[in-house]
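In case you want the letters, here they are:
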Amino acid sequence: MKNILVTGGAGFIGSNFVHLMLGKYDDIQVVVYDKLTYAGNPDNLAPVVDNPRYHFQQGDICDAATVDKVMQQYDIDTIVNFAAETHVDRSLMEPGGFIQTDVYGTFVLLEAAKKYEIERYHQIGTDEVYGEVIEGRSMETDRLHTRSPYSAAKAGGDLMCLAYYTSFGVPVTITRGSNNIGPYQYPEKVVPVFITNAMDDQPLPLYGDGLQMRDYQHVADHCEGIDTVLRQGQPGEIYNLGTGVETTNIKMTKLILKLLNKPESLIQPITDRPGHDRRYALDCSKVRALGWQSRHNFEQAIESTVKWYVDNEDWWRKIKSGQHYQAYYERQYAGREIG
Ligand code: NAD
Ligand code: TYD
């Protein structure tokens, strides 16, 4: 693993992964390939722009010709695919782009992996493909029960990866991560929306009864887990990646408010998301057997995330003051208040 193509590397998890890899290893080149959608942000990569082992190419993973050019130009031997449309609520508004990028885009990258006989193709997957899990924990062998257009598109990507392993011997691995939090997360996902709204004394729009459960893990732990699977995971295998501990949204919300010293009266219940998955829960024993385990528990992950948003107001104010964000926020939340 010398020349790594990180697709979607200008997004939240991808940029954290780039920082991790360039800091941890001095014998690798990292090429970020990113379309720079609303979620792709060159500011996320500002700390590495002067690193001679870092390169950037703007492009769409659905564009086979440009993908091919980059594969050749940088002699790519490893692809780590973070590129995706990622927000469930947007997938309820406009599902088409999810199918295009998350399924067709994955296929284009797998074709490149096959043509150039690369050492590893790694797909960043999600626990959402298992659907809601009311009791017990999802194992990698469980059947997929997708319920949102986002999770269905991600499942399509995963299945295409497994097909390329079985049919063509492409050395594919997949990780299925739980909800990430930490630096550079676009403020549409719940934790950065709630932190930044609370800092501005704005309402925190909580869906339904707030008793839905998610396994919120720190992005640094997730990225370490991906690196572990890249180096030690077996081709053709799937690895769940999370803390293995779930928390209700209301508990997460109250902790954010407490850390920012803001009143709980800022919580604004709103109408629930259609098809809202009640609970995700992962069994992570397979990846733990490779020696990985998360370093942050829930409280530590939330605390360090709150601190980052407090210390980096310029980063998120630039996004939130933009026309794109404000139009999205209005479309997503207007008129949904209950009580
Ligand atoms: P993000 O939305 O912050 O970033 C996505 C990145 O992909 C952006 O930089 C965007 O510009 C780029 N992109 C989108 N479409 C593209 C295309 N067609 N071609 C090239 N680049 C494109 O997402 P994230 O939260 O960092 O998620 C990264 C990956 O991790 C996704 O595959 C997501 O499904 C998965 N995942 C996310 C979470 C989470 O909690 N955020 C949890 C588990 C898995
Ligand atoms: P989100 O960050 O969108 O991630 P996902 O739905 O992919 O898990 O949402 C996390 C949880 O927070 C989920 O149960 C939905 C809930 N939520 C709210 O209550 N209010 C919000 O404004 C958002 C965006 C999410």
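Please refer to the structure placed before this passage.
Note that the structure is a prediction, hence the values are computed from the model and not measured.

Each value, and the rule that gives it
- Residues numbered from 1 in each chain as written.
- Chains lettered and ligands numbered in written order.
- Predicted model: local features only at pLDDT ≥ 70, side-chain atom pairs only at ≥ 80, totals over all residues.
- Heavy atoms only, no water.
- Salt bridge = Lys/Arg side-chain N within 4 Å of Asp/Glu carboxyl O.
- Helix = DSSP H or I, 4+ residues; strand = E, 2+ residues; numbered from the N terminus.
- Buried < 20%, exposed > 50% of the residue type's maximum accessible area, 1.4 Å probe, protein only.
- Expected span 1.5 Å × (residues − 1).
- Arc of directions from axis to C-beta.
- Contact = heavy atoms within 4.5 Å.
- Polar contact = N/O pair within 3.5 Å; in protein donor to acceptor, adjacent residues only side chain to side chain.
- Pairing = 2+ DSSP bridges.
- Axes fitted to C-alpha atoms, helices over the stretch in contact; angles between N-to-C directions.
- Core = buried A, V, L, I, M, F, W, Y, C linked by side-chain atoms within 4.5 Å.
- Near = heavy atom within 4 Å.
- Areas by Shrake-Rupley, 256 points an atom, 1.4 Å probe, with all protein chains shown as cover.
- Nonpolar A, V, L, I, M, F, W, Y, C, P; charged D, E, K, R; others polar.

Re the pattern of salt bridges
- Considering all chains together, one arrives at 23 salt bridges under this definition.
- In this structure, Asp68 engages Lys115 in a salt bridge whose closest nitrogen and oxygen atoms are separated by 2.8 Å. In this pair, Asp68 is assigned in helix α2 (residues 64-73) and Lys115 in helix α4 (residues 96-115), connecting sequence segments 47 residues apart.
- On the basis of relative accessibility, which here comes to 53%, the residue Lys115 falls in the exposed class.
- Its salt-bridge partner being Arg147, residue Glu132 comes within 3.7 Å of it at the nearest N-O pair. Of this pair, Glu132 sits in the loop between β5 (120-126) and α5 (149-168) while Arg147 sits in the loop between β5 and α5, and the two are 15 residues apart along the sequence.
- Put simply, Lys24, Glu224, Asp227 and Arg231 are held in one network by salt bridges that share partners.

Quick word on helix α10 (residues 298-311)
- Spanning 14 residues, α10 covers 20 Å between terminal C-alpha atoms, matching the ideal 20 Å at 1.5 Å per step.
- Those residues of α10 lying buried are Phe298, Ala301, Ile302, Thr305, Val306, Trp308 and Tyr309. Along α10, the residues classed as buried sweep out an arc of 160 degrees about the axis, all on the same side.
- Tucked inside the fold, the buried residues of α10 contact β7 (180-181), α6 (190-199), β10 (217-218), β12 (247-248), α8 (249-259) and α11 (313-320).
- Near the N-terminus of α10, the side chain that reaches the backbone nitrogen of Glu299, with its oxygen 3.2 Å away, is that of Asn297.

Comments concerning the sheet that holds strand β4 (residues 78-81)
- The sheet built from seven strands is open, its strands ordered β3-β2-β1-β4-β5-β6-β11 with parallel pairing. The sheet terminates laterally at β3 (54-58) and β11 (238-241), the two strands that pair on one side only. Averaged over all adjacent pairs, the angle separating strand axes in this sheet is 20 degrees, with direction ignored.
- Here β5 runs beside strand β6 (residues 172-177); their pairing, made up of six bridges, is parallel. Considered in β6, the bridge of Thr126 is made with Gly177.
- Most of the contacts of α2 go to strand β2 (residues 29-34), to which it runs at about 170 degrees, and overall it touches β1 (3-7), β2, β3 and β4.

Re the nonpolar core
- In terms of nonpolar packing, the biggest core is built from 86 residues, with Phe17, Val18, Tyr121, Ile256 and Ile302 touching the most fellow members.
- In terms of residue count, the dominant contributor to this core is helix α1 (residues 12-24) (seven residues).
- In this structure, Tyr121 is in contact with Ile79, Asn81, Thr106, Leu109, Leu110, Ala113, Cys161, Val170, Pro171, Val172 and Thr173, ignoring residues within four places of it in sequence.

Details of the site of ligand 1
- Near ligand 1 there are 28 residues, and of these Ile13, Asp34, Thr86, Tyr150 and Lys154 occur at the shortest range.
- A distance of 3.5 Å separates an oxygen atom of ligand 1 from a polar backbone atom of Gly40.
- Burial of ligand 1 by the surrounding chains reaches 97%, relative to a free accessible area of 840 Å².
- Sorting the residues of the shell around ligand 1 by element identifies α1, β5 and α5 as the ones contributing at least two each.
- Per element, the largest residue contribution to the shell around ligand 1 is three residues, and it comes from β5.
- Partitioning the shell around ligand 1 into residue classes produces eleven nonpolar, 13 polar and four charged.

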